[in-house]
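Residue-level structural notes
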Amino acid sequence: MLELVDATKTISLPFGSPLHVLRGVSLQIAAGESLAVLGRSGSGKSTLLGLLGLIDTLNSGSYKVDGRETVGLSDKESANLRGTTFGFVYQRFCLMNHLSAFRNVEAPLLHRGGIAWRQAVINALDKVGLADRAWHKPDQLSGGEQQRVAIARALVHNPKVILADEPTGSLDVATGRAVLDLMVELVREAGVTLVVVTHDPQIAVRMERVVELVDGVLMEGRP
Ligand SMILES: Nc1ncnc2c1ncn2[C@@H]1O[C@H](COP(=O)(O)OP(=O)(O)OP(=O)(O)O)[C@@H](O)[C@H]1O
Ligand SMILES: [Mg+2]
């Protein structure tokens, strides 16, 4: 499904030597697989997730999504591929605060047109148990509920891959566990590929496979 070969990400700084954030990372992720990316703060986890989600570009190497090389795609091609392939979940939920849960979940569908989207939004909110909170704005929801809205938004357009960056990082342990359980269940049900960045070994054990980033170098297997 996703195939990164010898990818590097280097950031030039205004002074001093450039920062080598990812150094020759190769990673193949099969369709339907679940993978945890562990690593210390600053090891490059979010950067890797940004590359996988076509939010960021590599400096060298190759990245194929569903067999299609993404290096050299135009911004528009890349945005289209991103929109149809990926759903994103972030630590700080990243909901639009002035919009209701319904409007937030609707967002990934808006550029598509069609008439089935309304029902898709209702179904997605129903799956995360928030059908009765559709018209609440984020500040009228608990943290766990906000992350459930974000999960509904990530899944509403039937993406092939969910990329989650510390999805339970803003939640207390019990809520975090419940949210993770829900995400894993929904992803499995939909046959979706899941990549979760986390510091938390308890989350990592729930994934089929674990890799670790150490200073921008990827290690396969549990640390
Ligand atoms: N745009 C940027 N400009 C300068 N440095 C950057 C930029 N993006 C990332 N970095 C640096 O690259 C390194 C890796 O960052 P990244 O956000 O990928 O780490 P992380 O593993 O996700 O950390 P955390 O667990 O704290 O979220 C960090 O040292 C960071 O300061
Ligand atoms: Mg990060």
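Scroll up a little and you will see the structure.
Summary of the structure given here. In this text the structure is predicted, and so the values were computed from the model without any measurement.

The rules behind each value
Residues numbered from 1 in each chain as written. Chains lettered and ligands numbered in written order. Predicted model: local features only at pLDDT ≥ 70, side-chain atom pairs only at ≥ 80, totals over all residues. Heavy atoms only, no water. Helix = DSSP H or I, 4+ residues; strand = E, 2+ residues; numbered from the N terminus. Buried < 20%, exposed > 50% of the residue type's maximum accessible area, 1.4 Å probe, protein only. Contact = heavy atoms within 4.5 Å. Pairing = 2+ DSSP bridges. Axes fitted to C-alpha atoms, helices over the stretch in contact; angles between N-to-C directions. Salt bridge = Lys/Arg side-chain N within 4 Å of Asp/Glu carboxyl O. Parallel < 35°, antiparallel > 145°, perpendicular 65-115°, else oblique. Left-handed = near helix turned anticlockwise from the far one by under 90°. Nonpolar A, V, L, I, M, F, W, Y, C, P; charged D, E, K, R; others polar. Near = heavy atom within 4 Å. Polar contact = N/O pair within 3.5 Å; in protein donor to acceptor, adjacent residues only side chain to side chain. Patch = residues over 30% accessible without salt bridge, like charges linked within 9 Å, V, L, I, M, F, W, Y side chains within 5 Å. Areas by Shrake-Rupley, 256 points an atom, 1.4 Å probe, with all protein chains shown as cover.

1. Things to note about the environment of Val187
By the element assignment, Val187 lies in helix H6 (residues 173-190). Its relative accessible area of 4% is what places Val187 among the buried residues. Separated by 70 residues in the primary sequence, Val187 and Trp117 have C-alpha atoms spaced 20 Å apart. Ignoring any residue separated from it by four or fewer positions in sequence, one finds Val187 in contact with Ile162, Val192 and Leu194.

2. Some points on the sheet that holds strand E2 (residues 19-29)
If you walk across this open sheet you meet the four strands as E2-E1-E4-E5, and the pairing is antiparallel. One side of each edge strand has no neighbouring strand; the edge strands of this open sheet are E2 and strand E5 (68-69). The pairing of strand E4 (residues 60-65) with E5 spans two bridges and is classified as antiparallel. Looking at the pairing, Lys64 lines up with Glu69 of E5. The strands touched by helix H1 (residues 45-52) within the sheet are strand E1 (2-11), E2 and E4, with E2 carrying the most contacts at an inclination of about 55°.

3. Comments concerning the pattern of salt bridges
Counted by the stated rule, this structure contains eight salt bridges. A salt bridge links Glu33 to Arg209; the nearest nitrogen and oxygen atoms lie 3.1 Å apart. With Glu33 in the loop between E2 and strand E3 (34-39) and Arg209 in strand E9 (residues 209-214), the pair connects residues that are 176 residues apart, well separated along the chain. Of the residues examined, Arg209 reaches a relative accessible area of 16% and is grouped as buried. Taken together, the shared-partner salt bridges connect Glu33, Arg209 and Glu220 into one network.

4. Concerning the packing of helix H5 (residues 143-155) against H6
In contact at an axis separation of 10 Å, H5 and H6 are set at 15° when each is read in the N-to-C sense. Judged by the inter-axis angle, H5 sits roughly parallel to H6. As for how H5 packs across H6, the hand of that crossing is right-handed. Each of Gly144, Gln147, Arg148, Ile151 and Leu155 in H5 lies in contact with H6, whose residues at this interface are Thr175, Val179, Leu182, Met183 and Leu186. Of the residues that constitute the contact of H5 with H6, the class distribution is six nonpolar, three polar and one charged.

5. A look at the site of ligand 1
All residues in the neighbourhood of ligand 1 are listed as Ile11, Leu19, Val21, Arg40, Ser41, Gly42, Ser43, Gly44, Lys45, Ser46, Thr47 and His199. Ser41 is positioned such that a nitrogen or oxygen atom in its side chain is 2.5 Å from an oxygen atom of ligand 1. Mapped by element, the contributors of at least two residues to the shell around ligand 1 are E2 and H1. Ranked by the residues each element gives to the shell around ligand 1, the list is headed by H1, at three residues.

6. Quick notes on unusual backbone geometry
With phi around 60°, Leu54 is a residue other than glycine that occupies positive phi space. Within the secondary structure layout, Leu54 lies in the loop between H1 and E4. Leu54 sits in the buried class, given a relative accessible area of 7%. With a phi close to 50°, Asn158 is a non-glycine residue in the positive phi region.

7. Observations concerning the sheet that holds strand E7 (residues 161-165)
Sheet strands pair by backbone hydrogen bonding; their relative direction is either parallel or antiparallel. Pairing within the open sheet is mixed, and its six strands lie in the order E6-E7-E8-E3-E9-E10. Both outer strands of the open sheet, strand E6 (86-90) and strand E10 (217-220), are each paired with one neighbouring strand and no more. When the angles between neighbouring strand axes are averaged without regard to direction, this sheet yields 20°. Where E6 and E7 come together, five bridges link them in parallel fashion. From the neighbouring strand, Val89 faces E7, where its bridge partner is Ala164. Against the sheet, H1 contacts E3, E6, E7, strand E8 (193-197), E9 and E10, and its axis sits at roughly 155° relative to E7.

8. As for a nonpolar patch on the surface
There is a patch of nonpolar side chains on the surface, built from Ile11, Leu13 and Leu19 and spanning about 230 Å² of accessible area. Structurally, Leu13 can be placed in the loop between E1 and E2. Classification of Leu13 as partly exposed rests on a relative accessible area of 38%.

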